[in-house]
Amino acid sequence: MRAGLLFLLPGLLGAQEIVARYVPEIPFRDPVNKVWKQAKSVEINLLPQTVVPPHLLEQTVKTIRVRALYNDLWVALLLEWKDDTRDVYTLPDGFPDQVAVQFPVDMVNGAPPSFMMGNPGGRVHIVQWKALWQEDVEKGYVSQRKLFPNMWVDQYWFVDAPYRGPRREVPPYPPDITEFKDPRAFEWIPGYAAHNPDVSFSREEPVREYTAEGFGTLSPQQIQEARGWGVYNEKRRVWQVIIAVPRVSEDAQNANFGGRSFVSFAVWNGSQGNRGSRKAYAPWVPLILEGLP
Amino acid sequence: MAKVYNWQLDRKMDYIYEERRPRRQVAWVFDINKCIACQTCTVACKTTWTSGPGQEYMLWNNVETKPYGSYPLKWDLTILKMRKQLKAEHKTIFEAAGMSERALGYLPESDDYMYPNIGEDECAGIVEKGAFFSGIHQVWMFYLARICNHCTYPACLAACPRQAIYKRPEDGIVLVDQSRCRGYRECVKACPYKKVFFNVVTRISEKCIACYPLIERGEQPRCVQTCIGKIRLQGFINRPDRPDPENPMDYLIFIRKVALPLYPQFGLEPNVYYIPPIHVPRKFLYQMFGGKDAVEHAIATYQKAREDRKLLGAMLLFGATEKIVHRFRVDDRYAYGYDEEGNEVCRVPFEEPIHFRPLFDRERRVYRLNIT
Ligand code: SF4
Ligand code: SF4
C-alpha cells in the first residue's frame, strides 16, 4: 500500500515540469552566467522525509528552484535554495549542506521506479553534491589540520618525525594527511585501506554518481562522469549548485535522456543535522528536453 | 519492530531486527575493584588501532573516574536525563525512540571529546581534615574502564540506515563495514555508551573491533593482555539459559552472577560485565549495574570469594595468559585454564610461593633489599 501511495503523490503535487533549453555551450562552473536565464525557472516544493526512520523532523528548506539546459553531450541543472548558513565542514557533530538529483534508469511502461531511491529491479541514477567536496576541490582536502588547527599529535606511523613546516617551524607541527607520502602510512586509515569508494583524498569534481534500488542501497558508480559546481551567495543566503550528467552514456547505470524524462531532488541542511535519510525531497517531476522527440 | 528476548531485563522488548544470537558471544569481565587507572589499556588500544589521521580524538578503550569523569563528556548523564525527561525510565532506548527514530540518543558535540581525563582521580567529596588517620573515610571514587560492549542488541547496528554495521554470527563481534559506511553518524547518535566514533579524515565512523585478528587466533584483545591491574578476562559466553559451569565467563556471569552489565536498562544486552566496586554508595551502583538485588548479590558473593575456591579460581585467570580460556578447573593448589582444544594455557597458584633469601649474598658479595 505504501508503494501505491508513493506513486500517487507526484500526481497530487500538480502539473509542474522542467523544460531544458538547448544551448551550444554549458557554463559548467558558473551558476551566475546569463546563459542560465534562457531556461525557465521552476520552483519545486520539498517534503520532509518521514517514510523511513530516522525522519526529518524539522524541515528548513521548503523549496528548490530549478533551471535546466542541455547540449549535444550534457544535461545540466542549476539548483538554487535558500539556506541561512553555509555549512561546509564535517566535524563529529557537524554536517555539510548537500543536494542530490535523481533520474530513473529502469522505466516500466514509461513510468519511473519509486522516487524513494528506486525499488528492487527499478534502478535510479543519483548525483550528489556536497559543500564539503566543493571545499575539497577549491581549497584542497579538508583535513584534520584544517578542522583542528591547534591539534597536537605525537606521531603518525610511517610519517617522518619530527614534523617541520616549510620554514622548519619550532615547535614542529603534526603533518597533514595531504603531506603523507609513504604508502604504509595509509594502512592506518581504515576507510581508505578498505577501499571505501567515498574515501578519496583527491577530488576533481564536487559531485559523485551513485546507483540505487531502494533505501539503504546507495552505491557509487564505477564510472564517474558527472560534473558540478556550487557557489554560496552570501548576500541572498542562497546556494547555487550546478549538476550535469552526460545526455547519452555507455554506462549502463546511467540514465539516458530522450525528449521526456523525470528528475527528483533531495536537499540537506547541514546546520540542522540533516544527513542520509534526514532530508527534504521532491518526488518525480517531468524533465523535458525542448525540441527533442 | 520485532519482539526479542533480553535476558538482562528478563522480558521481551522491541528491536528492529529479529532475535538472532551468534553461535557464541564474545564477552568480558572487568573487576573494577582492581583497576588503577594506569591507562595502559587505553594506550595499548590507541597505538594498535587509532593512531592514524582523523582518529586523534578517539579512544575505543577509555578509563574514566566516577563520579565526575566521563568521555565523551556526560555520555551517561545525558542519556539518563533524556530518558527521565521523557518519563521513559522503564523503557529501553528502542522503546523510547518513537516513530521517527530508531533509538533514543544524542550526537555528542566535538568538544565533548576534548577532555578524556576530566575528573580523573577526583573524589565525590572532600576528605575531612584528619580523616586519613582515623580509618576508612567516607569519600569515594572508582575507575570505570570502558570499551564497546559488542551488544547482543546493538543500537549502533539498529540505527544504521545503510546496514553498514553487522554482528558476526561466529562470535558476536560488532563491526562497522569500512567499505560501506557513509558517515551519517546515526550509530554515534544511537549508541548510549558512545562507543562509535567519527573519523574526520575519512568521514566515516569507526569503533572497537574487539581485536578480532587476535580473537580469531585464540588470543585475548590488547586491552586485556596488557592490563597492569589484571582486572580483565575475555572469553565467550553461552546462551544465558544454558551456561557451562566449566566456562569461566559463564561461571562468573550466569552461575555466580558476580559480574553485571553496565546500564542494562538501556536494553542493548551489553557484553562487558563488571564486578562492581564494593566501597561505593550502593544507590550509585544500583543505577549503573541493574538494580539493588543484582548489585547486593554480586558484592556479597565477591566479598566471600576468599572462601570460595572455584570462584576465586575463576578470578585468578584474569591476566594469567594471553590465550582465551574456554574451560577451567581448580584443585587444592592451582586454578587451571584450558584453550578450546583442551590444552592447558595457564596454571595459577592460590598461594604465591614465597622464597626467603639471605640478607647478605656471600657468593655475589651484595646485600639484598628485597629478601622475599
Ligand atoms: S590497564 Fe587495567 S588497571 Fe590499567 S587502567 Fe586499564 S583496566 Fe585499569
Ligand atoms: S556499545 Fe555501542 S558501539 Fe558497541 S555494540 Fe553496543 S551500541 Fe554498538
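Residues numbered from 1 in each chain as written. Chains lettered and ligands numbered in written order. Predicted model: local features only at pLDDT ≥ 70, side-chain atom pairs only at ≥ 80, totals over all residues. Heavy atoms only, no water.

Participant: Would you explain the interface of chain A and chain B in this entry?
Facilitator: Accessible area lost upon the coming together of the parts is a frequently used measure of interface size. Counting from both sides, the interface comprises 47 residues of chain A and, opposite them, 38 residues of chain B. The junction of chain A with chain B conceals about 3400 Å² of combined surface from both sides, 53% of it contributed by carbon and sulfur atoms. At the junction of chain A with chain B, the criterion picks out five salt bridges. For Glu186 of chain B, the salt bridge is made with Arg275 of chain A, and the minimal N-O distance between the two is 3.6 Å. Linking chain A with chain B are 25 residue pairs in polar contact (both at pLDDT 80 or more), by the criterion used here. Secondary structure elements with two or more residues in the side of chain A that touches chain B: β7 (124-130), α2 (131-139), α3 (144-147) and α4 (190-193) of chain A. Of the residues contributing to the side of chain A that touches chain B, the split by class is 29 nonpolar, eleven polar and seven charged. (Contact = heavy atoms within 4.5 Å. Buried area = accessible area lost by both parts, 1.4 Å probe. Salt bridge = Lys/Arg side-chain N within 4 Å of Asp/Glu carboxyl O. Polar contact = N/O pair within 3.5 Å; in protein donor to acceptor, adjacent residues only side chain to side chain. Helix = DSSP H or I, 4+ residues; strand = E, 2+ residues; numbered from the N terminus. Nonpolar A, V, L, I, M, F, W, Y, C, P; charged D, E, K, R; others polar.)

Participant: Honestly, unusual backbone geometry in this entry has me stumped. Any pointers?
Facilitator: Both trends apply: most residues other than glycine have a negative phi, and most peptide bonds are in trans. With an omega of 0°, the peptide bond running from Pro53 of chain A to Pro54 of chain A counts as cis. Along the chain, the position of Pro54 of chain A falls in the loop between β3 (47-48) and β4 (63-70). Positive phi, normally seen in glycine, also occurs at Lys230 of chain B, with a value near 50°. Residue placement: Lys230 of chain B occurs in the loop between α6 (222-225) and β10 (232-237). Despite not being glycine, Glu269 of chain B shows a phi value in the positive range, around 55°. You can see Glu269 of chain B is positioned in the loop between β11 (260-261) and β12 (272-275). Since its relative accessible area comes to 1%, Glu269 of chain B is described here as buried. (Buried < 20%, exposed > 50% of the residue type's maximum accessible area, 1.4 Å probe, protein only.)

Participant: Is there a simple way to think about the sheet that holds strand β13 (residues 327-330) of chain B in this case?
Facilitator: Within a sheet, neighbouring strands are paired by backbone hydrogen bonds and run either parallel or antiparallel to one another. Residue and element names in this part refer to chain B. The strand order across the open sheet formed by three strands is β13-β14-β15, and the pairing between neighbours is antiparallel. The strands lining the two open edges of the sheet, one partner per strand, are β13 and β15 (344-349). Within this sheet the neighbouring strands show an average axis-to-axis angle of 15°, counted without direction. One ladder, built from four bridges, connects β13 with strand β14 (residues 334-338); its direction is antiparallel. Bridging from a neighbouring strand, Phe328 pairs with Gly337 of β14. Strands in contact with helix α10 (residues 309-316) are β13, β14 and β15; relative to β13, the strand with the most contacts, it is inclined by about 130°. (Pairing = 2+ DSSP bridges. Axes fitted to C-alpha atoms, helices over the stretch in contact; angles between N-to-C directions.)

Participant: So what exactly am I meant to see when it comes to the domain arrangement of chain A here?
Facilitator: What the domain assignment reports for chain A is domain 1 (3-138 + 206-289) and domain 2 (144-188). For domain 1 of chain A versus domain 2 of chain A, the separation of C-alpha centres amounts to 37 Å. (Domains from an automatic or database assignment.)

Participant: What should I look at first to understand α2 of chain A in this one?
Facilitator: Think of an α-helix as 3.6 residues a turn; residues three or four steps apart then line up on the same face. Residue and element names in this part refer to chain A. For α2, the set of buried residues is Ala131, Leu132, Trp133, Gln134, Glu135 and Asp136. Contact partners of the buried residues in α2: β7, β8 (207-212), β10 (227-233) and β11 (238-246). After α2 finishes, the residue Gly140 shows a positive phi value of roughly 90°.

Participant: In this structure, what is going on with the packing of aromatic side chains? I would like to understand it.
Facilitator: The geometry of an aromatic ring pair is captured by the separation of the ring centres together with the interplanar angle, meaning the angle of the planes. Taken as a whole, this structure holds 38 aromatic pairs over all chains when the rule is applied. Here Tyr156 of chain A and Phe180 of chain A contribute two aromatic rings whose centre-to-centre distance is 5.3 Å and whose plane-to-plane angle is 55°, an arrangement assigned as tilted. Here the residue Tyr156 of chain A occupies a position in the loop between α3 and α4, and Phe180 of chain A occupies one in the loop between α3 and α4, the gap between them amounting to 24 residues. Each member of the pair, Tyr156 of chain A as well as Phe180 of chain A, carries the same accessibility label: buried. Pairwise contacts between aromatic rings join Tyr141, Tyr156, Phe180, Phe186, Tyr192 and Phe201 of chain A into one cluster. When the ring centre of Trp75 of chain B is taken as reference, the NZ or CZ atom of Arg146 of chain B above it lies at 3.8 Å. (Phe/Tyr/Trp six-rings, centres within 6.5 Å; stacked < 30°, edge-to-face > 60°. Lys NZ or Arg CZ within 6 Å of the ring centre and 35° of its normal.)

Participant: How should I be thinking about the confidence of the model for chain B in this particular structure?
Facilitator: Counting all residues, the mean pLDDT for chain B is 96, and 100% of those residues have values of 70 or more. In the model output, the complex is listed with pTM 0.93 alongside ipTM 0.91. (pLDDT = per-residue confidence, 0-100.)

Participant: Please clarify how the nonpolar core should be interpreted in this entry.
Facilitator: Generally speaking, a soluble globular protein has its nonpolar side chains buried in company with each other. In terms of nonpolar packing, the biggest core is built from 128 residues, with Phe94 and Phe289 of chain B touching the most fellow members. Filtering out sequence-adjacent residues up to four positions away, Phe289 of chain B remains in contact with Ile32, Leu144, Leu260, Pro261, Leu262, Pro264, Tyr274, Pro276, Pro277, Ala294 and Val295 of chain B. If you look at the next biggest cluster of nonpolar residues, it comprises 39 residues, including Ala20, Leu46, Trp239 and Val267 of chain A. (Core = buried A, V, L, I, M, F, W, Y, C linked by side-chain atoms within 4.5 Å.)

Participant: What is the right way to read the pattern of salt bridges from this model?
Facilitator: For side chains of opposite charge, pairing can occur when their charged atoms come near one another. Residues and elements named next belong to chain A. As enumerated under the stated definition, the model contains 40 salt bridges over all chains in all. A salt bridge links Arg123 to Asp106; its shortest N-O distance comes to 3.0 Å. Here Asp106 lies in the loop between β6 (98-104) and β7 and Arg123 lies in the loop between β6 and β7, a separation of 17 residues in the sequence. Among the salt bridges present, the one from Arg145 reaches Glu179, with a minimum N-O distance of 3.5 Å. You can see Arg145 sitting in helix α3 and its partner Glu179 sitting in the loop between α3 and α4, a full 34 residues away along the chain. The exposure class of Glu179 is partly exposed, given its relative accessible area of 30%.

Participant: How should I be thinking about the side chain of Arg182 of chain B in this particular structure?
Facilitator: By secondary structure assignment, the location of Arg182 of chain B is in the loop between β7 (174-176) and α4 (186-190). Looking at Arg182 of chain B, its side chain comes within polar contact range of the side chain of Asp198 of chain A, at 2.9 Å. For Arg182 of chain B, the residues in contact, after removing those within four places along its chain, are Gln128, Lys130, Trp133, Asp198, Tyr210 and Leu218 of chain A together with Arg162, Arg203 and Ile204 of chain B.

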